[in-house]
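These are the residues of each chain, in order.
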Amino acid sequence: MLSRRQEIVTLFSQFLDALLLGAVFWVAHYLRWKQFIIWDDLWAIGSFSEFVWLLAIIMPFTPFLLEMQGFYNYPLEKTVWKSLRQITGAAVWMAMILGLAVIFLRLQVPSRSVLLLFALFATVALLIRERIGTAIYRRRLERGAVGERVVLAGEPDSMRNLLASFTPTLRLELRIVAEVNLEVLGIEALVETIHRHSVGRVILA
């Protein structure tokens, strides 16, 4: 159940990031097209239609490359620097893909400024989106709106030791709704507790 929920959340995050990258690319082109920022030897550049092929590669592939770098894994436990390294890794792969498209498909990059602006703005936008998403998710965990319902079973000392080993993040994500002393109550009580609380997982200590 938890893995399925995580898969859905990851797919939704990837979809949002694809839209975000598309919007950021448009902004980068607009700033360069209006000549607010010029980082190349050209004065005027073409319309957005000349850059669509870049967008057709960036939007679908970048979220996949971010996933390869682990960008969507354990967001509550990540630092900004770790996220930045993951974004940089995905950017290197994207640069390679665009380079291959230019070489083998003989496509043209009308302006380097657009790509440089996009790389800068996209990094900031992805970091902000991740921080906002993480803050919202943490708030929902603290309110008990999300999180996996769990039954903890075993002997009392083992259950206490296991709970003590949980990180603060894991404590938030796992909602322990009941503890079952198997030495006293037995398997029958565990089965009854599982059905009564409709839990997604049983952790045996």
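Residues numbered from 1 in each chain as written. Predicted model: local features only at pLDDT ≥ 70, side-chain atom pairs only at ≥ 80, totals over all residues. Heavy atoms only, no water.

Undergrad: So what exactly am I meant to see when it comes to the packing of aromatic side chains here?
TA: Centre-to-centre distance and the angle between the planes together describe a pair of aromatic rings. The tally for this structure, following the rule as stated, stands at five aromatic pairs. Judged by centre distance (5.4 Å) and plane angle (65°), the ring pair of F25 and F118 falls under edge-to-face. Residue F25 is located in helix 1 (residues 2–33), and its partner F118 is located in helix 4 (residues 112–143); the two are separated by 93 residues in the primary sequence. Classification of F25 as buried rests on a relative accessible area of 0%. For F118, a relative accessible area of 10% gives the class buried. (Phe/Tyr/Trp six-rings, centres within 6.5 Å; stacked < 30°, edge-to-face > 60°. Helix = DSSP H or I, 4+ residues; strand = E, 2+ residues; numbered from the N terminus. Buried < 20%, exposed > 50% of the residue type's maximum accessible area, 1.4 Å probe, protein only.)

Undergrad: It is not clear to me how the pattern of salt bridges should be interpreted in this structure. Could you clarify?
TA: This structure, assessed with the given rule, holds five salt bridges. Note that E130 and R131 form a salt bridge whose closest N and O atoms lie 3.2 Å from each other. Members of the salt-bridge network, linked through shared partners, are K78, E130 and R131. (Salt bridge = Lys/Arg side-chain N within 4 Å of Asp/Glu carboxyl O.)

Undergrad: Would you mind showing me how to read the confidence of the model for the protein chain here?
TA: Detailed reading of the predicted coordinates is not advisable wherever pLDDT falls low. Confidence along the protein chain averages 86 in pLDDT terms, with 92% of residues attaining 70 or more. Model confidence for the protein chain, summarised as mean pLDDT per element, is weakest for helix 6 (residues 168–173) at 70 and strongest for helix 2 (residues 52–68) at 95. (pLDDT = per-residue confidence, 0-100.)

Undergrad: Which parts of the structure should I look at to understand the nonpolar core?
TA: A general feature of soluble globular proteins is that nonpolar side chains tend to end up buried together. F25, L54, I58, L66 and F118 are the most contacted members of the largest nonpolar core, which totals 27 residues. Where this core is concerned, the elements lending two or more residues are helix 1, helix 2, helix 3 (80–104) and helix 4. Other than its neighbours up to four places away in sequence, F118 contacts L21, V24, F25, A28 and I58. (Core = buried A, V, L, I, M, F, W, Y, C linked by side-chain atoms within 4.5 Å. Contact = heavy atoms within 4.5 Å.)

Undergrad: When you look at helix 7 (residues 182–197) in this model, what are you seeing that I'm missing?
TA: For an α-helix, the turn length of 3.6 residues means that residues three or four places apart are oriented alike. Spanning 16 residues, helix 7 covers only 17 Å between terminal C-alpha atoms, well under the ideal 22 Å at 1.5 Å per step. Where helix 7 bends most, at E188, the angle is about 60°. In the core, the buried residues of helix 7 are packed alongside strand 1 (148–154), strand 2 (174–181) and strand 3 (201–204). The first or second residue beyond helix 7 is S198, which carries a positive phi of 50°. (Expected span 1.5 Å × (residues − 1). Bend = angle between axes of the 7 residues up to and from the residue.)

Undergrad: For this particular structure, what's the right way to read the side chain of H29?
TA: Its location among the elements puts H29 in helix 1. Apart from residues no more than four positions distant in its own chain, H29 is found in contact with I45, G46, S47, F48, F51 and V114.

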